[in-house]
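# Observations on chain architecture
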Amino acid sequence: MSSEEQAVPLAVSGGAGGTQAVTTDLTAAAVIVDTCAGLLSECSLRLRIAHASLLFAQTQAVPTVWDDVNRAKTAVEDARYGVDSCEALDAALTDCAEGLRVVAAGYEEAERAASAGLSLWGAAGRYFGDILGAQLWVGRVLAAGAWKTTPLGALGTITGKDRVGSALMPDRAPAVTGVVNRATVTGVLGLTRTPVGTPPIWGLSAALGGPSMYDAAATGLRGVFEAGEYWAGEPRMEGVEFAEPVAGPSELAGFESMMGNLGEVSSSPHGEIAYDVYGEGADASVFVYIPGTEDHGLSDGATGDWHGNFTQMTTDDFSKVDNLNDLSQLVANALLEAGLPPDAPITLVGHSQGAAAAASVAACEEVTSQLNITNMVLVGSPHGDVPNNPDVDTVVIANVQDPVPGSDGLPDNAAPNVTYVNADLRASSDPDIAALGDGPISAHGIETYRHVGASMDLEAASSVVAAREALTKSTAGRQATRTYARPTFEAPQEPRPQPNVEPRPGPSIGPTVSPSTPSSR
């Protein structure tokens, strides 16, 4: 359900007021009603037996007790056949239970349609439209290049008044998210997670309990980046250091405010993550902001790097902090060492790898046994391999065009504590926002999700409204205190010496000249 003022259309599923919770309640109610109907059926059977016994007793009764037996028989008949009789209630409750099941099934079907976010026909239209658009784009680029080789084109380029070349050259890159998007990435990578669709030998291995192609590739890439960081001399993370607390943002207005805060932390030079504390002591609440992958090198010493991504993908034990990737360890250790009030509700807000780290921390028994993590907001994240903590109310935000949430190859896992919000950027009424949905990189950006957050603040779906009110309530009328945290590292390491490997000799194409023999030239 969307408001007319929303710039980005949203599909909402699950959550406190969503399908999973409602259908679970309806199904439970149907079972209870069905049980009551069964008990009434048993009661009706007992009444029939009692009625038959009283009819027989009436024929044998002496005059002094006949009236008493008759009154008992009449009462049993009223219970069996009256307006509110046992049999009538049994039939009514049986019909009610069946009706509840029908409503639950209908609600679930509507939810599945909503969570898809885009119809099959719409997806197919964009798919073929983007392929055609890319071909036209290439054609225009080639035509513009050919024109510039002509005398008039070259003259126009020199003078800066090439109207023909300007008209031929596209003003922006073609849209490709009809082809490369969350659904297609999920579908393709999903095949690599099972024996189905994998090469026969690999499929047999997976069927016999060996690693899937997905797991093997993720493990291999983790090893590649681990070796790369080793040879580049990247130091190991040792601990956490905190910046001096500063004045933070004022009260949260909604999801757009959270996306804005996440963007501020992402671009801040003061630390890799930050936490905002609203209030003091037993009345405090904490919001932790965790940006995604920002280190694309091998020796920068940052936690949000590609080695962290592949470590996240290959982690299957979330019980201890030391089992998690570097970014998750940074978040967990920062919270454990920050001296927060033990019962203060903590909300984790993360984007991309940062969201997967948030989910990992919320699933870590070592952390949850000491801290009160109550809420999460996970943005543009592949976190399907992380176990869901049913005690943490979670909002998962993605968009149809962003392929990153599909990189785990897993569909959304519905749960009563999880609300899914799926946006369609290219259907936006704002052309600038719609253009952000043309490319996978722009579709994944945190500023793009800020627009999604603005539409979520106008969303009327009950699960989004409930989440928004629960998240912002503790910040009303308050100013936060913000603390940045960054990792500390062991002493910097020199890059490892490269092995002295003689180049492999190639085929001889001339006389061999010894390096110690001077050339005759």
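See the structure above.
Below is a short write-up of the structure.

The rules behind these values
- Residues numbered from 1 in each chain as written.
- Predicted model: local features only at pLDDT ≥ 70, side-chain atom pairs only at ≥ 80, totals over all residues.
- Heavy atoms only, no water.
- Phe/Tyr/Trp six-rings, centres within 6.5 Å; stacked < 30°, edge-to-face > 60°.
- Helix = DSSP H or I, 4+ residues; strand = E, 2+ residues; numbered from the N terminus.
- Buried < 20%, exposed > 50% of the residue type's maximum accessible area, 1.4 Å probe, protein only.
- Axes fitted to C-alpha atoms, helices over the stretch in contact; angles between N-to-C directions.
- Parallel < 35°, antiparallel > 145°, perpendicular 65-115°, else oblique.
- Left-handed = near helix turned anticlockwise from the far one by under 90°.
- Contact = heavy atoms within 4.5 Å.
- Nonpolar A, V, L, I, M, F, W, Y, C, P; charged D, E, K, R; others polar.
- 1 Å grid on protein atoms, 1.4 Å probe; cavity = no way out; pocket = protein on both sides within 12 Å on 5 of 7 lines; lining within 4 Å.
- Points joined across faces, edges and corners; volume = space filled by probe spheres on them.
- Pairing = 2+ DSSP bridges.
- Core = buried A, V, L, I, M, F, W, Y, C linked by side-chain atoms within 4.5 Å.
- Patch = residues over 30% accessible without salt bridge, like charges linked within 9 Å, V, L, I, M, F, W, Y side chains within 5 Å.
- Areas by Shrake-Rupley, 256 points an atom, 1.4 Å probe, with all protein chains shown as cover.
- Salt bridge = Lys/Arg side-chain N within 4 Å of Asp/Glu carboxyl O.
- Lys, Arg positive; Asp, Glu negative; His and termini not counted.
- Charge placed at Lys NZ, Arg CZ, Asp CG, Glu CD.
- Arc of directions from axis to C-beta.
- Polar contact = N/O pair within 3.5 Å; in protein donor to acceptor, adjacent residues only side chain to side chain.

## Describing the packing of aromatic side chains
Enumeration according to the criterion identifies five aromatic pairs in this entry. Here the aromatic rings of F225 and F310 are separated by 5.6 Å at their centres, their planes lie at 25°, and the arrangement is stacked. Placement of the pair is F225 in helix α9 (residues 213-232) and F310 in helix α11 (residues 306-314), with a sequence separation of 85 residues. Judged by its relative accessible area of 23%, F225 is partly exposed. Here F310 falls in the buried class, since its relative accessible area comes to 11%.

## With respect to the packing of helix α12 (residues 326-337) against helix α13 (residues 353-363)
Relative to each other, α12 and α13 sit at 55°, their axes nearing to 9 Å. Put simply, α12 runs oblique to α13. In the packing of α12 onto α13, the handedness of the crossing is right-handed. Packed against α12, whose contacting residues are L327, S328, V331 and A332, the element α13 presents Q353, G354, A357, S360 and V361 at the interface. A breakdown of the residues in the contact of α12 with α13 according to their chemical character gives five nonpolar, four polar and no charged.

## Some remarks on empty space enclosed by the protein
Rolled over the atoms, a probe sized like a water molecule indicates the empty space that remains. Under the defined criterion, the tally for this structure stands at one cavity of 30 Å³ or more. Here the largest cavity is characterised by a volume of approximately 50 Å³. R182, D412, Y420, V421 and N422 are the residues nearest the centre of the largest cavity, which is lined by ten residues in total. Within the residue set of the lining of the largest cavity, elements represented by two or more residues are β1 (10-14), β8 (393-399) and β9 (418-423). Sorting elements by how many residues they give to the lining of the largest cavity places β9 first, with three residues. Residues belonging to the lining of the largest cavity are distributed by class as follows: five nonpolar, three polar and two charged.

## Structural notes on the pairing of strand β4 (residues 273-278)
Both faces of the sheet carry side chains from a regular strand, because those side chains alternate between them. When you tally the buried positions in β4, you get six out of six residues, the bulk of the element. Every second residue of β4 is oriented toward a common face, with I273, Y275 and V277 on one face and A274, D276 and Y278 on the other, all of them buried. Two elements, β4 and strand β10 (residues 481-489), share five bridges in a ladder whose sense is antiparallel. Across the sheet, the residue bridging to I273 is A485, located in β10. Two strands pair when backbone bridges link them, and β4 and strand β5 (residues 285-290) are joined in this way by five bridges, in the antiparallel orientation. Residue pairing in the sheet places A274 in a bridge with Y289 of β5. Two successive antiparallel strands, β4 and β5, enclose a turn made up of six residues, where G279 displays a positive phi of approximately 80°.

## Comments concerning the nonpolar core
Grouped together as the largest cluster of nonpolar side chains are 42 residues, with contacts concentrated most on V288 and L348. Going through the elements one at a time, β2 (237-242), β4, β5, α12, β6 (346-351), α13, β7 (373-379) and β9 are the ones with two or more residues in this core. Sort the elements by how many residues they give to this core and α13 lands first, with seven residues. When near neighbours in sequence (up to four residues on either side) are disregarded, L348 contacts V288, L335, A358, V361, A362, I373, N375, M376 and V377. L10, M258, L262 and V421 belong to the second largest nonpolar core, which has 34 residues in total.

## Considerations on the pairing of β8
For β8, the tally of buried residues reaches six of seven residues, placing the bulk of the element in the interior. For β7 and β8, the ladder comprises five bridges, and the chain directions are parallel. Following the sheet pairing, V379 is matched in β8 by I397. Sheet topology places β8 next to β9; six bridges connect them, and they run parallel. Pairing of T394 across the sheet is with V418, part of β9.

## Some details on a nonpolar patch on the surface
A cluster of nonpolar residues, Y127, F128 and I131, forms a patch on the protein surface that exposes about 280 Å² of accessible area. Note on placement: Y127 falls in helix α4 (residues 120-148).

## Examining a negative patch on the surface
A grouping of D215, D316, D317 and E365 is seen on the molecular surface, where their side chains present a negatively charged patch. By secondary structure assignment, the location of D316 is in the loop between α11 and α12.

## Points about the environment of A167
If you trace the backbone, A167 turns up in helix α6 (residues 163-168). A relative accessible area of 56% places A167 in the exposed class. With 27 residues separating them along the chain, A167 and R140 place their C-alpha atoms 9.2 Å apart.

## With respect to helix α7 (residues 182-191)
Those residues of α7 that fall on the buried side of the exposure criterion are R182, V185 and T186. Down the axis, α7 shows its buried residues gathered within 100° of arc, on one side only. Of the exposed residues in α7, the ones pointing more than 90 degrees away from its buried face are A183 and V188. Along its buried surface, α7 packs onto β8 and β9. Of the residues flanking the start of α7, the one acting as N-cap is N181, its side-chain oxygen 3.0 Å from the backbone nitrogen of A183.

Function-wise, these values are silent; they only describe arrangement.
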